[in-house]
Each structure stands twice: as structure tokens, then as C-alpha cells.
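# Reading the structure
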Amino acid sequence: MAEQAPKTDNHYDVIVVGAGFAGMYMLHKLRGLGMSVKVLEAGTGAGGTWYWNRYPGARVDIESMEYGYSFDKELEREWRWSERFATQPELLRYVNHVAEKFDLLRDMQFETRVETAVYDEDGQGWTVQTDTDEEFSARFCIMATGCLSTPKNIDILGIEDFKGPVYKTFDWPREGVDFHGQKVGIIGTGSSAIQTIPEIAKQAAHLTVFQRTPNYSIPARNAPISAEMQADWDANRDTYRAQARSEGFAAITESNENLALETSPEDREREYERRWKFGGLRLVAAYADLLTDEDAKKTAADFVARKIRETVTDPKTAGILTPTPDMYPIGAKRICIDTGYYETFNRDNVSIVSLRDAPIDKVTENGLNTTNEEYGFDALVLATGFDAMTGTLNRMNICGVNGAKLKDKWADGARAYLGLMVAGFPNLFVVTGPGSPSVFTNMIMAIEQHVEWIADCISHVNERQISTIEAAEAAEEEWVSHVAEVASATVLQRADSWYMGANVPGKTRVFMPYIGGFPAYAEKCNEVAANGYEGFELRGAAEARA
Ligand code: N01
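Residues numbered from 1 in each chain as written. Predicted model: local features only at pLDDT ≥ 70, side-chain atom pairs only at ≥ 80, totals over all residues. Heavy atoms only, no water.

### Describing helix α8 (residues 265–278)
Spanning 14 residues, α8 covers 20 Å between terminal C-alpha atoms, matching the ideal 20 Å at 1.5 Å per step. All buried positions along α8 are accounted for by Arg 268, Glu 271, Tyr 272, Glu 273, Arg 275 and Trp 276. The inward-facing, buried residues of α8 abut β10 (217–219) and α9 (294–311). (Helix = DSSP H or I, 4+ residues; strand = E, 2+ residues; numbered from the N terminus. Expected span 1.5 Å × (residues − 1). Buried < 20%, exposed > 50% of the residue type's maximum accessible area, 1.4 Å probe, protein only. Contact = heavy atoms within 4.5 Å.)

### Description of the packing of helix α1 (residues 21–32) against helix α14 (residues 443–463)
The geometry of α1 relative to α14 is characterised by a closest axis approach of 9 Å and an angle of 35 degrees between their N-to-C directions. In this structure, α1 crosses over α14, and the sense of that crossing is right-handed. Residues Phe 21, Ala 22, Tyr 25, Met 26, Lys 29 and Leu 30 of α1 touch α14, and the partners they reach there are Ile 444, Ile 447, Glu 448, Val 451, Glu 452, Ile 454, Ala 455 and Ile 458. Class assignment of the residues belonging to the contact of α1 with α14 gives a composition of 11 nonpolar, no polar and three charged. (Axes fitted to C-alpha atoms, helices over the stretch in contact; angles between N-to-C directions. Left-handed = near helix turned anticlockwise from the far one by under 90°. Nonpolar A, V, L, I, M, F, W, Y, C, P; charged D, E, K, R; others polar.)

### Some points on the packing of aromatic side chains
Aromatic ring pairs are reported here in terms of the distance separating the ring centres and the angle at which the planes meet. The final tally for this structure, using the stated rule, is 42 aromatic pairs. With a centroid separation of 6.4 Å and 20 degrees between ring planes, the pair formed by Phe 249 and Phe 440 is classed as stacked. Of the two residues, Phe 249 sits in the loop between α7 (227–246) and α8 while Phe 440 sits in the loop between β18 (428–430) and α14, which places them 191 residues apart along the sequence. With relative accessibility at 12%, the residue Phe 440 sits in the buried group. (Phe/Tyr/Trp six-rings, centres within 6.5 Å; stacked < 30°, edge-to-face > 60°.)

### Concerning the site of the ligand
Around the ligand sit 26 residues in total, of which Thr 189, Ser 192, Arg 212, Thr 213 and Lys 333 are the nearest. For the ligand, an oxygen atom lies 2.7 Å from a polar atom in the side chain of Ser 192. Separating an oxygen atom of the ligand from a side-chain N or O atom of Thr 213 is a distance of 2.4 Å. When the ligand is considered free in solution it has 910 Å² of accessible area, and contact with the protein chains removes 89% of it. Considering each element in turn, the shell around the ligand owes the most residues, three residues, to helix α6 (residues 191–203). Considered class by class, the residues forming the shell around the ligand number 10 nonpolar, nine polar and seven charged. (Near = heavy atom within 4 Å. Polar contact = N/O pair within 3.5 Å; in protein donor to acceptor, adjacent residues only side chain to side chain. Areas by Shrake-Rupley, 256 points an atom, 1.4 Å probe, with all protein chains shown as cover.)

### Focus on the nonpolar core
Judged by nonpolar contacts, the single largest core of 141 residues is most densely connected at Ile 142, Phe 179, Phe 429, Trp 453 and Phe 536. Residue contributions to this core peak at 10 residues, all from α14. Looking at which domains feed residues into this core, each of domain 1 (11–46 + 104–150 + 388–543) and domain 2 (183–382) supplies at least three. Excluding residues within four positions of it along the chain, Phe 536 makes contact with Tyr 417, Leu 418, Met 421, Trp 453, Ile 469, Glu 470, Ala 471, Ala 472 and Val 528. Within the second largest apolar cluster, 25 residues are counted, among which are Tyr 12, Ile 15, Trp 410 and Val 430. (Core = buried A, V, L, I, M, F, W, Y, C linked by side-chain atoms within 4.5 Å. Domains from an automatic or database assignment.)

### Considering the domain arrangement of the protein chain
Domain assignment breaks the protein chain into domain 1 (11–46 + 104–150 + 388–543) and domain 2 (183–382). One C-alpha centre belongs to domain 1, the other to domain 2, and the line joining them spans 31 Å. At the junction of the two partners, domain 1 supplies 19 residues and domain 2 supplies 21 residues. Taking both sides of the interface into account, the surface hidden between domain 1 and domain 2 amounts to around 1,700 Å²; carbon and sulfur atoms contribute 59%. It is Met 445, Val 491 and Arg 494 in domain 1 that bury the most area against domain 2; as a group they hold 34% of the surface buried on that side. The interface formed by domain 1 and domain 2 contains one salt bridge. Linking Arg 494 and Glu 294 is a salt bridge whose minimum nitrogen-to-oxygen distance equals 2.6 Å. Taken together, the elements giving at least two residues each to the side of domain 1 that touches domain 2 come down to α14 and α16 (518–530). (Buried area = accessible area lost by both parts, 1.4 Å probe. Salt bridge = Lys/Arg side-chain N within 4 Å of Asp/Glu carboxyl O.)

So this is what it looks like as C-alpha cells:
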């Protein structure tokens, strides 16, 4: 069949790629500036992460009250979360409510995956091409493509030979899956698996969990939001939001300057116990040295290990489920927040296989062989994770000045100034890009801060009739060094984590998020803007770089 020429009549002020929380707010904000905007999204609806990750048990790991958008008071007042940690269906209802309230859908085009984004040779903006064979152009292109949106390639031998269904947590069937009466295998024990294992176990005849590396998981203590909690939030919302923004994670974690190693074992135990009982992320924020000191981390790791042993009745299973400090320091892989995870291993219909002892040899027609044993099952679930932070952008063919490709520039690790813009790629913004706090914070707060900064920046550029803005090489270099320096002061680089790109074979090992804390980062962004976008090159129409 002859190739069709792409359509060319789609010009906008801004193209936003992705209709998750970032793309939705970006659209709303830019409309407020009177700009024409098109949002292009691969899914059939808005919601990003919460659109794709529909596996049973999927929940937010930040308290729902803190997770909703904060930019609109009326929205905050009118929306009622039903649980402390909202489920994916509730989050998707919220997404649709926001989309309707701000009339967002009319500028969104779904089932449209951006494949190529090319900086125009005349220096005036970007042209993107999609898998629908359409072409769109705009002065600005904003990648609101998420940090965990491209699954890593499935690097398991024989997976295509399996005769039964293979379900992926990151692309779960919209109609759901009924596991009743089935023998199920699941590969992976990261956050997704830890949330879905208890739910699948409730249905399956038998569930076999294949674990390569155990994770530290903390109970969410999820519960309905009580009338008292709702009333408290209604009365103090602004204070709580400000408190979240003042903390490193941009969430209320009761972080403080106390040091685990300067606290008596009894007081430390009491504090860990209090936070363990409260549930969620607070345990890992108990002491400032939990980020930087291996011995401090060991105190928290020992505490969680003890909890695992107390919960899991079979000592061998408990041993397999318990990470040890020689594997990686607690927190260096993203802490998981669960509902009944460890308890699930006390069920008769659940077993765990340690792939550390005997790795997967291959997947077969009817199950899986490790180097030791054969396992049979009817359905396979993959919870194998993402090519985080850079995967989506590297897979898109993004070409900047003189056709330079982003993926070549990032071959030895992502480079971006403030995680917002990349030298050589004028008028292209990234929301929560590598080098920004992003995944080390409450993502909604990080998204709002970036969206507002980008909108202000575009407004500044427009008011001064500047045609292009681009990160300066020197400023980018300095920021990338700073991100690395801050990370190297911690022990987070010791794990083979997705923060490091180490979960993807062949990916350069670089710590990608900025962990200097949300307040310091936001202050730096504000300073840069107040100083006339220091570290950026702003060019007028006459000097636009082609
Ligand atoms: O992915 P992961 P995830 N053979 O990379 C294993 C966010 N999130 O989707 O550690 C065998 O954490 C891999 O083993 P190992 C959250 O930020 C949030 O679970 O590489 N095993 C690991 O156990 C989270 O951190 C929520 O040795 C293989 C697992 O698969 C991030 O998303 C919920 C393998 C992958 O774990 C990613 O979580 C869910 C192989 N070939 C996710 N390849 C919330 O609560 C991989 N594995 C909001």
C-alpha cells in the first residue's frame, strides 16, 4: 500500500504530549494564558498512570487528601476522597471529574501516540508526527509523558511460548481479569506486584510469586476517610498543603533533623513503631540520617525485617521476603506501601520462589523453569517495571537543533537543566524530567510546581516577543553535576534500582531524580525565573537559532 502523506494543517501555540495529571493541568494553565493547545495522548482517555495501571489492588501511595490537585480551591472543596489511599478506579473518577470541570477533553486527542518530535529548521518551533499519520506543529512542545510510563522490555527467555494469557500490571485489560480457579504465576515483587499479589491471591486457586529481589514494604493502614479527618482537612487544608510543600518529599511525612544514630535504641524503636502503626511513607522519614548513613539505615531495616518475621509464619518464607542490608540499603529502592502483603504469604494457596537461589531458565508452554525446578500455571502476570524517567522520551524520536537526537545526547545518562529543559532543544519543556525531584516527591506537588513554572516562563517569553528559550550548556552541565553530587552524598546509588536505570539491561547507571528536596528545588526554580531565566538563552525572532 502506498504511504499516505501526513496532514499538515494542525498548528497550535503549544503541543502537550500526554494527558495524565501533568498534561491536564498544563492544558488548563496554558488556556488561561489565551494559548491554543493540543494534547496528544496514546490512551483512549485521560489519566496517564491511573489510566494504564488498572491491576487489582492499584492504589496511590501518598495520602489521597495530599494527592489531589491543589491549584483550585473549589475543586479541593467539592471532591471527597473515600479512602486514605485511593484506589485506581477512584483516581480515574477524579481525573474524569477534573476533565469535565475544566472542560479539558475538547482539546485532547486520544489514541494518538507521538512518534517523532522535530525542531523546525527555521527555529520557530516543533513538528510532531503521530502513529495516526498526522502531523502537528507548535511553537512550544511540552512533554508531560510521566516518569513511569514506558515498561521495560521483557527480558525473559521463552515468554512468547507460554500458551496461557500473559497480563501486564502496566497495561491491564480494561474489562478486568477473573482468576477464580486458576493457577497463576507472577514475576516481580516491586510496588505493583506488592499491591496486586494480595488481591490475586483472594481469587486464584494457587499463586506462585517469583521474586528476584525482596523489597521493604510498609503497611498503608488504609481506611475510609472518617468524618473527623474530613472536617480537619476542610478546616486546615491550606496549612497542610503548606506543610507538605515545606518537606523534602512534598508530602506530610513528619521529616525532621533528628538523627537515628544519636537517638537511644528504646526511643528509636518507639518512633519506628509509632510510624509503622500510622502507616504509609512516614517510617522512612523518621530520621534525617536515614538518607545518608548506612548504619542509620540498618536500624530501620532491622525494624522492618523484624516486622516481616513477626507477620509471616513460615520462617523460610519470611527469610525469602526479607531484604538484607548487603543487598541494598533500605529506601535505595523505592519503599513499597502495601495492604496485607506479608500476611498473604500465610495463605495456603500462595507460595514464593526465590530467583536469587535459582534464576529463571525459561518460560515454557505451561509455566516456567528455574534452574532448579519446573512450575506450572494457567496465567502469568508480569509486574516487571519500567524504563523509568527517560524511557518514554528516548523511544520517541526527538530531534533538536541540527537534527541532534535526544536519545544520543542522553546515551551516557540524562542531562537537563533543572529537569525542565535540555540544551540543544529550544522551546521543548519536560514536566518532572530527570534532574528534578519528581519521583522523590508527592508527584502532584512536583507536577503543579513544574506546570506553573513552565506557564510563567512561556508568558515571560511571549510578553517580550522572544522566539526561543533554551537551556544553556554551561548551566545544564552545572545542574547535572549538582544533581550527581547531592546523590553521591547519600547511599541511594548502592541499589540496582530504577532510580539508577539499573533495572534496564544496558542502560547507563546514573541517579536520575534530584534529591536535594522539594523546597530547595522550588526555591532554585523561582530564583532562576526572578533573575530573568538565568541559565537559559532567550533569543528574539531575528536571532532564533536554526
Ligand atoms: O516496578 P519495579 P513496579 N526476572 O521496577 C522484577 C511506582 N508505583 O511496577 O528488583 C525476574 O519496582 C524486579 O526484580 P529486581 C513506584 O514508584 C507506584 O513494581 O530487578 N524478575 C522487581 O521485583 C514504583 O517504585 C505505586 O531484581 C524481574 C519487579 O520485577 C514504580 O512504580 C504502585 C525481571 C519490578 O519492580 C515501579 O514499580 C505501583 C526479570 N527479568 C508502582 N525483570 C503506588 O503505590 C524485572 N523483575 C502509587
